[in-house]
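Summary of the model geometry
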Amino acid sequence: MTSSSSVTLSQALLARAISHSNSTSDRVSLPSFSGLKSTSSAAASVKLARVPRRRLSHPVRAAAVETLDKTTETSLVEKSVNTIRFLAIDAVEKANSGHPGLPMGCAPMGHILYDEIMRYNPKNPYWFNRDRFVLSAGHGCMLQYALLHLAGYDSVKEEDLKGFRQWGSKTPGHPENFETPGVEVTTGPLGQGIANAVGLALAEKHLAARFNKPDSEIVDHYTYCILGDGCQMEGISNEAASLAGHWGLGKLIAFYDDNHISIDGDTEIAFTENVDARYEALGWHVLWVKNGNTGYDEIRAAIKEAKAVTDKPTLIKVTTTIGFGSPNKANSYSVHGAALGAKEVDATRQNLGWPYEPFHVPEDVKSHWSRHTPEGAALEAEWNAKFAEYEKKYAEEAAELKSIITGELPAGWEKALPTYTPEVPADATRNLSQANLNALAPVLPGLIGGSADLASSNMTLMKMFGDFQKGTPEERNIRISALAESRVIYVMTHDSIGLGEDGPTHQPIEHLASFRAMPNILMLRPADGNETAGSYKVAVENKKRPSILALSRQKLPNLAGTSIEGVAKGGYIVSDNSTGNKPDVILIGTGSELEIAYKAGEELRKEGKAVRVVSFVSWELFEDQSDAYKESVLPAAVTARVSIEAGSTFGWHKIVGTKGKAIGIDRFGASAPAPIIYKEYGITVEAVIAAAKEVC
């Protein structure tokens, strides 16, 4: 299916840019930069048994290194960094599961980000103007959990670290934003996180362009991301990075953990490209920190330079040693995805001079990090005061921004949805989708439309707005299909064999079943104008899961009996001549095939049959209904059921039962005019009538 997306309420804006729906509207902020800064880059006394192996000789430009203000002693920084390392080591060891290597190697950059650079309030993880952090290399999540713990987030207490990867834990094996406040996005599939980070930076740039004023910058935060070699190997990271460069997302700073290790060993076995040159070609500012293990000043200086470059995103390649400090496993694949083992943990403690018990945070480290609680509260309070002044001067804009942050829908917004009667000419549901999208755009300030380069095909542009581009970030059409997260409306416009001559490569047969098999997804296949409007209503109101609209390219008539309200039920009766909830047969259709079921019902009634025709626009919504409602639509006593859908029959026997018939397509499509394919594949009125007579 060709896909595009419309993102509702910038709370998601491609990738959860704002906060979870339980955040409050007055939690927003902007204050000044804060954080103690350490300086010396003297190397720690660490004995590594392995000789550092040859690095790929890529021609890259090193960062201009400056020494920043000297306020934190290097010894305390190193102690803090080792605290992060050993919290990760101890948690993985206790769980006997996890990835200690990345946290051990990335601890210096993690410390500098969370302790010196980022603005956040640990007691309110959803403060609006916080800096965002995404761990794209999500397998190294103990790095983030350790940082959240040290920073004072209530979501990661010591007992949570000890419960790493256990049932009911707030510290799952990969970061999950719905489990752990302080985690911005769920990551794990490599490359996804950097794509989410691009979405977060995109949201910041868009909202800043829409709401900032010359005398008040109320949207002003950075997005930071750590990604690894595995992320760089995935195509999604390149696609997202290309967009970030095209859009000039200057507040996106990504750290590439350049440790040259994958699960199978050195990355030279499969990944030898010049990543630096690729990102420069994509329009990024590229820096190289050669000593990511102990070069604290190099990391600081690179961040400072990155923030000075405002017209493009920055990739900071940080060359690290995976498993830094482990005498026998550092710089090897064996430290990537398994616990070190008791002997190696002891050896690492000796090597790094760490005399403490597991999960211990030294008092001086704890005291140093404790300042983030009052500083974070002050940052938020400062922004709240600034927003209050903004609200006095710009009441309309403030109200609009609040609605976007909270996700609250304007009163009566649904009245903007168009309605249809059978007299309205037939039309493709993708065209009806565009009509709904453009009807909603003026009343939903957080609704974002757009497409990659297929707007004329999938009909997802909002006509009253221009394209989001580097020079016009305030516009609301984004030239990209969605990068994910909840409250996204995916518009799939190439709906099965109705595409006809384009052939099987453009005729998704298995996609509907695949989408329905995904947890926490709403799959909607509307049949006409009313059902398309109803699908938009459901999708906009839905706060807990993304929605997929499977739309037709061919024209479909507006059927009597369909309704906006019916869609909310998932399945509902569109025509019925039976009495006492006892039809002879129930015909069930979705999307373009509802018309076929409808016509078959009319013919069977001419033969004296009591026929109920049901539109089954969303299986998930129907499952959400009460047993009494489901019985009123599909009475258990009526086993004579026929479904028809131009897709895989997989799953339909759950609906029609063992005595029913499921008409569908369990092979790939073909290239021919659509009516011929429908006939050849048996997706016809005649086939439904024959099946109905067979079951009843």
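For the structure given in this document, a descriptive report is provided here. Computed from a predicted model, the values in this text were never measured in an experiment.

When its secondary structure is counted, the protein chain shows 24 helices and 18 strands. Going through the 696 residues of the protein chain one by one, you find that 62% of them count as buried. Expressed as a percentage of contacts within the protein chain between residues at least 6 apart in sequence, the contacts between residues at least 24 apart total 79%. Accessible surface for the protein chain amounts to roughly 25500 Å². Of this, 52% is attributable to carbon and sulfur atoms.

In terms of burial, strand β4 (residues 252–258) is a largely internal element, seven of the seven residues being buried. Neither face of β4 is open: one carries L252, A254, Y256 and D258, the other I253, F255 and D257, and all of them are buried. Bridge analysis of strand β3 (residues 223–228) against β4 gives six bridges, and the strand direction is parallel. When the bridges of β4 are listed, C225 appears paired with A254. Pairing of β4 with strand β8 (residues 314–319) involves six bridges; the strand directions are parallel. Bridge assignment links Y256 to a residue of β8, and that residue is K317.

The next point concerns helix α12 (residues 372–393). The terminal C-alpha atoms of α12, which comprises 22 residues, lie 31 Å apart, in line with the 32 Å expected from a rise of 1.5 Å per residue. What α12 keeps buried is the set H372, G376, L379, E380, W383, F387 and Y390. Buried residues of α12, viewed axially, fall in a sector of 90°; they line one side. For α12, the exposed residues lying more than 90 degrees away from the buried face are P374 and K392. Buried positions along α12 lie against α2 (101–117), α3 (142–151), α5 (192–211), α11 (363–369) and α13 (395–406).

Now for unusual backbone geometry. Residues other than glycine seldom take positive phi values, yet N96 does so here, at roughly 55°. Along the chain, the position of N96 falls in the loop between α1 (74–95) and α2. N96 sits in the exposed class, given a relative accessible area of 61%. Unusually for a residue other than glycine, F359 sits at a positive phi of about 70°.

Cut-offs and rules
Residues numbered from 1 in each chain as written. Predicted model: local features only at pLDDT ≥ 70, side-chain atom pairs only at ≥ 80, totals over all residues. Heavy atoms only, no water. Helix = DSSP H or I, 4+ residues; strand = E, 2+ residues; numbered from the N terminus. Buried < 20%, exposed > 50% of the residue type's maximum accessible area, 1.4 Å probe, protein only. Contact = heavy atoms within 4.5 Å. Areas by Shrake-Rupley, 256 points an atom, 1.4 Å probe, with all protein chains shown as cover. Pairing = 2+ DSSP bridges. Expected span 1.5 Å × (residues − 1). Arc of directions from axis to C-beta.

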